[in-house]
Structure formats: C-alpha cells, structure tokens
Amino acid sequence: EKEHYTSKLESFASYKEKFRKRAEDTLHQFKDHFFNGYNILLNELKKTSNLEPFLINDEIFTCLNSFEKIRAFLDKGTSLYELFGYSDATLATLYKTAYKIAEERRFQDGYDAYFFIVTIAPHIRDAWLNIGYTLCQLGEHLTGVEAFGRAFELDPTNADSYLASI
C-alpha cells in the first residue's frame with residue numbers, strides 16, 4: 001500500500017499561492033472599510049464641523065501603507081489615533097458621528113465608520129458594541145457577537161455586552 005500511495009494534498013506552491021491571494025484579499029477589504037469609514041465620517045463632519053482636527057495628512061497616510069512603520073509605532077505602546085494627532089474630544093466627535101449614521105439606519109456606512117474608530121482606538125467599548133449592532137443588522141450575526149465579546153473584554157462589569165450578545 002505504501003508503494004502505491006498518492007497524496008491528495010495540494011502542492012505547497014498551490015497552497016502558498018492561495019494563502020497569498022487570501023492575505024491580499026483580506027488586506028484589500030481592511031483598507032476598503034478603513035478608508036471608506038474615514039471618508040464617510042469626513043463627509044458627515046463637513047456638514048457640521050471644522051474638518052481641521054479630523055484630517056489625516058498625506059505623510060501619515062503614506063505611513064499606513066507600510067506594516068513595518070505601523071508596527072514600529074504600535075510597538076511604542078501608542079494607538080493609531082495618537083499617530084493621527086487625534087485628541088479624546090476628536091474621538092468623541094467621531095463616535096457621535098458614527099452613532100448618528102447608524103441611527104439613520106445606514107448600517108453599511110455605520111459599520112465602516114465604526115470600523116475606522118475601532119481600528120484607530122480599539123479601547124472604545126461602545127464602538128465595539130455598535131460595530132456588533134451594525135454587523136447584526138447587516139446579517140453578520142456571528143461576527144457581530146465577536147464584536148460584542150470584544151466590548152465585554154474591555155468592560156466585563158457592563159451588562160450591555162451580555163444583552164447585545166443575547
């Protein structure tokens with residue numbers, strides 16, 4: 001039997017190519033949601049605010065194309081919102097704007113806006129709750145529950161995460 005055995009596994013070259021393609025697709029999706037969220041928030045803020053505190057300069061955007069630069073920054077123990085020069089007040093304004101978008105039942109835009117927020121400031125529990133809510137409204141229930149779980153991890157004493165998961 002050993003002499004006539006042929007493996008049904010795909011070749012390593014084929015596996016490597018599929019993995020590379022999947023990684024590229026994932027990175028592309030990440031960038032789409034991230035930059036779409038940024039643009040959605042900016043367009044909403046144009047209506048009500050001075051955009052200066054929210055604009056990300058081109059030098060910083062260039063930095064976002066390099067994993068090494070992002071990793072070096074994050075290894076210092078800081079979040080991306082600090083790289084962007086955002087204050088806590090700026091984050092609060094972004095959150096309120098994303099909330100307004102979701103409240104208008106624009107769930108895909110709300111998801112992208114919250115995606116931007118949780119990417120740059122992953123410590124905001126309510127943003128994780130609301131990204132879970134928008135995901136559930138988009139029919140992505142399991143991914144939504146994962147977001148609720150992240151909110152729970154950030155504050156296990158708050159019942160909102162439990163209730164949202166249910």
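See above for the structure.
Cut-offs used in this document
- Residue positions are given per chain, counted from 1 along the sequence in the order it is written.
- For this predicted model, a pLDDT threshold of at least 70 governs which residues receive local features, and a threshold of 80 or more governs which side-chain atom pairs are given and counted, while totals over whole chains, interfaces and linings are taken from all residues.
- Side-chain numbers come from the whole structure's heavy atoms, not from hydrogens or water.
- Here a cavity means grid points, on a 1 Å grid over the protein atoms only, where a 1.4 Å probe fits yet cannot get out; a pocket means an open set of points with protein on both sides within 12 Å along at least five of seven lines; lining residues are those with an atom within 4 Å of a point.
- Grid points are joined across faces, edges and corners, and a volume is the space filled by probe spheres set on the points.
- Starting at the N terminus, helices and strands are each numbered in turn, a helix being any DSSP run of H or I of at least four residues and a strand any DSSP run of E of at least two.
- Only buried residues count toward a nonpolar core, which is a set of Ala, Val, Leu, Ile, Met, Phe, Trp, Tyr and Cys residues joined through side-chain atoms within 4.5 Å.
- The classification of residues rests on relative accessible area computed with a 1.4 Å probe and restricted to protein chains. Under 20% of the type maximum is buried, over 50% is exposed, and intermediate values are partly exposed.
- In what follows, residue pairs with any heavy atoms lying within 4.5 Å of each other are defined as contacts.
- Stacked, edge-to-face and tilted are the three classes for Phe, Tyr and Trp ring pairs, Trp counted by its six-membered ring, which pair at centre distances within 6.5 Å; planes under 30 degrees apart are stacked, over 60 edge-to-face, the rest tilted.

**Q** Could you clarify how one ought to interpret the layout of surface pockets in this entry?
**A** A volume near 320 Å³ is recorded for the largest pocket. Forming the walls of the largest pocket are 16 residues, and the residues nearest its centre are Phe30, Leu64, Phe67, Ile70 and Leu80. Breaking the lining of the largest pocket down by element, the ones donating at least two residues are helix H1 (12–48) and helix H3 (67–75). It is H1 that contributes the most residues to the lining of the largest pocket, five residues altogether.

**Q** Is there a simple way to explain the nonpolar core in this structure?
**A** The nonpolar side chains of a soluble globular protein tend to be buried with one another. In this structure, Phe84, Tyr86, Leu94, Phe116, Ile117 and Ile120 are the most contacted members of the largest nonpolar core, which totals 44 residues. When contributions to this core are tallied by element, the ones reaching two or more residues are H1, helix H2 (58–63), H3, helix H4 (80–83), helix H5 (88–103), helix H6 (107–120), helix H7 (125–137) and helix H8 (141–154). In contact with tyrosine 86, other than residues within four places in its own chain, are Tyr38, Pro53, Phe54, Ile56, Tyr81, Leu91, Leu94, Phe116 and Ile120.

**Q** I keep staring at the packing of aromatic side chains and nothing clicks. Help me out?
**A** Given two aromatic rings, one states the distance between the centres and the angle between the planes to describe the pair. All chains considered together, the criterion is met by 13 aromatic pairs. Measuring from centroid to centroid gives 5.8 Å for tyrosine 111 and phenylalanine 115, while their planes differ by 45°, and the two rings are tilted. One end of the pair is tyrosine 111 and the other is phenylalanine 115, both in helix H6 and four residues apart, which spans about a single turn. The residues tyrosine 111 and phenylalanine 115 share a single accessibility class, namely buried. One aromatic cluster in this structure is built from Phe30, Phe34, Phe35, Tyr38, Phe84, Tyr86, Tyr111, Phe115 and Phe116.

**Q** Even after reading the chapter, I still don't get the environment of leucine 74, so can you show me in this structure?
**A** Looking at the secondary structure, you find leucine 74 in helix H3. Setting aside chain neighbours within four positions, we find leucine 74 in contact with Ser79 and Leu80.

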